[in-house]
Amino acid sequence: MTEATAEAAERAAPQAPTARMPLGWLLLAPSLVFLLAFTYWPMAQSLAQSLRIETFGTDAISWGFGNFGRLFDDASFRRAAVNTGIYAAGTIVPAIVLALALAVGLEAATRFNALLRSVVFFPVLLPLVAAAALFLFVFLPGIGLLDYHLAMIGADRTNWLGDPDVALWSLIALTVWKNAGYYMLFFLAGLQAVPHDLHEAARLEGAGAWGRFRRVTLPLLGPTLAFVSVIALINAVIQVDHVVVLTKGGPSDSTNLVLFYIYQQAHENYDYGKAAAATVISLAALLALSALSLRTLERGAHYES
Amino acid sequence: MRDARWLAVACLCGVALVWSTPLLWMVVAAFRPQNFGGLSMASLIPDFAPTLDNFAEALDSADFALLYLNTVIVAGGILVVQLVTITLAGYAFARLRFRGREVLFHLFLLQLMIAPPVLIVPNLVTITQLGLYDTLLAAMAPYFASAFGVFLMRQTLRTIPRDFEEAAAMEGANWLQIVTRVLVPLARPGMIAFSIVSIVAHWNEFLWPLMVISNPDNHTLTIGLATFTRGAESASQWGVIAAGTFLVAGPLLLAFALFQRQFVNSFLFSGVK
């Protein structure tokens, strides 16, 4: 479209109902009200609450970093922060590698591939709570789905959710199972945009399958990869439903994640100061992450074919 | 070369097998008689006459009709409000020029990262102050604005040629008529895609409703399932858990089976397209 027609349309689009309130702002108002009330206001409120110190039994209020001090002194929080890091890396890397491999393997549009894609995609639709309910039995020691079938190949029973060294990895496995299909879809879409003749050219030059993947496919999937990584990272921070159902953060905090910790502090211990401080830390991490990835997201949002 | 191909196919089948096992088990166990199984409860072979006993017991121990109703109200209510807010905002970002547009656009972008679950604690305070605690509206309110939906609509609207609007404007239509009569019908694919993603997300939502709802009359399916699972787990009623999970996930799985292509396209739409 040329600038001239764009401007004609701009003129054609009727002007603001009142001179003071441009139509654009008016149309954005409903969204803005809810964004302000449930995104920006709570961010400010968390910051204020985290700096506010109430002394128990008195009305005295002072301000300072006391809540953060108490937060960092809390071994449960430190454990939750470390766990969240392990959990994020442990879910993102295998889920993305698997999703990419599945996308490449199932790219061709055959009936067989369509079936396998559906199978991998099904868990995406399952509520995380429902997945967790199923995995209660999957992880059941001895007679559960995993141990029952592992016993057939002679493996010993494992206390998948009760052993502090294993439990977090069990949750990681559940998350990979749940999310890999979702990420696969993005890679499948990305692969469709890879021009076929590039592959042909590489083949003519004698590149093998792996060479073609590394030199042609992977570089062209760069933006998709970046985008999926951001989504996966956000998911790792905000999804804790399975922790609530399966482990409640235990045994001995080995599966406690930061968001679950926040939930516990607010919902069970009524320690809003610590909950707010932990929220502020999470927000800071997400903001730092978004500053790094805003370009990626924007590219995704701006992309037009 | 041929060998490598077969190896790849074998690997894919292996992954598919592992991936499908939990859901296969869910189906088999849900229909397995309760006195059956015992130590081989994990068996995937349906070597029994199927029964609905597990479903009967699941339906008996939780008020699924109410849970479905509440979930439909919450997911549907969110979607209806969202469709209005994202269409208006999407139109503003796609078609209008006004002061502050870039700043606002970035404010919206930020919500993509600051996902509502992180803000459960301060939002709980707000909801309580608004007097909405323990209502279905509380479970919906934080999702009425969707940055993601706004981007989706903006993108969709930008792919529609302006000729249609110009023609309508020539005939004297105002902006509201242009949006509702011209753009919304043309933007339907984008709106359907968003609707599917939104319904799936809120059908499956758990932590936030858990925070703001306490009265069992207001429970949604996921909260109901979690409560019910706790009871059935302590009684080791795995068949009943499988049946309950089946009931909760069933509608979406069925919808996916029926509208597979539409679902897949919608989820793709939710990202880079």
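Scoring rules and cut-offs
Residues numbered from 1 in each chain as written. Chains lettered and ligands numbered in written order. Predicted model: local features only at pLDDT ≥ 70, side-chain atom pairs only at ≥ 80, totals over all residues. Helix = DSSP H or I, 4+ residues; strand = E, 2+ residues; numbered from the N terminus. Rg over C-alpha atoms; globule rule 2.2 N^0.38 Å. Buried ≥ 20, exposed ≤ 12 C-beta atoms within 10 Å, placed from the backbone. Contact = placed C-beta atoms within 7 Å. Nonpolar A, V, L, I, M, F, W, Y, C, P; charged D, E, K, R; others polar. Domains from an automatic or database assignment. Core = buried A, V, L, I, M, F, W, Y, C linked by C-beta atoms within 7 Å. Axes fitted to C-alpha atoms, helices over the stretch in contact; angles between N-to-C directions. Parallel < 35°, antiparallel > 145°, perpendicular 65-115°, else oblique. Left-handed = near helix turned anticlockwise from the far one by under 90°. pLDDT = per-residue confidence, 0-100.

S.K.: Pulling in residues and values, what's your account of the overall build of chain B?
M.R.: The helix and strand tally for chain B stands at 14 helices and zero strands. Listed N to C, the secondary structure of chain B is α-α-α-α-α-α-α-α-α-α-α-α-α-α in terms of helices and strands. What you see for chain B is a C-alpha radius of gyration of 23 Å, clearly larger than the 19 Å of a compact globule of 273 residues, by over 25%. Across the 273 residues that make up chain B, the buried fraction comes to 48%. Of the contacts made within chain B by residues no fewer than 6 positions apart, 75% connect residues no fewer than 24 positions apart.

S.K.: So what's going on with the interface of chain A and chain B? Which residues, and what values?
M.R.: Contacts between the two partners involve 89 residues from chain A and, on the opposite side, 86 residues from chain B. Take the side of chain A that touches chain B: its biggest share by element is 18 residues, from helix H2 (residues 23-51) of chain A. Partitioning the side of chain A that touches chain B into residue classes produces 67 nonpolar, 18 polar and four charged.

S.K.: So, the domain arrangement of chain B: which residues are in play, and what are the values?
M.R.: Domain boundaries assigned for chain B yield domain 1 (1-51) and domain 2 (64-223 + 252-269). Computed over C-alpha atoms only, the centres of domain 1 of chain B and domain 2 of chain B are separated by 37 Å.

S.K.: Describe the nonpolar core, and please don't skip the residues or the numbers.
M.R.: Judged by nonpolar contacts, the single largest core of 175 residues is most densely connected at A:Ala99, A:Tyr183, A:Met184 and A:Ile262. Looking at this core element by element, the count peaks at 15 residues for helix H8 (residues 167-192) of chain A.

S.K.: Hey, could you go over the packing of H2(A) against helix H3 (residues 64-95) of chain B for me, with residue numbers and the actual values?
M.R.: It is at 8 Å that the axes of H2(A) and H3(B) come closest, and there the two elements cross at 150°. Taken together, the axes of H2(A) and H3(B) lie roughly antiparallel to each other. As for the relative orientation of H2(A) and H3(B), their crossing is left-handed in sense. Every residue of H3(B) that contacts H2(A) at A:Gly24, A:Leu27, A:Leu28, A:Pro30 and A:Ser31 is listed here: B:Val84, B:Thr85, B:Leu88, B:Ala89, B:Tyr91 and B:Ala92.

S.K.: So what's going on with the confidence of the model for chain B? Residues and values would help.
M.R.: Averaged over all residues, the pLDDT of chain B equals 85, while 95% of them reach at least 70. Among the scores for the predicted complex, ipTM is 0.84 and pTM is 0.84.

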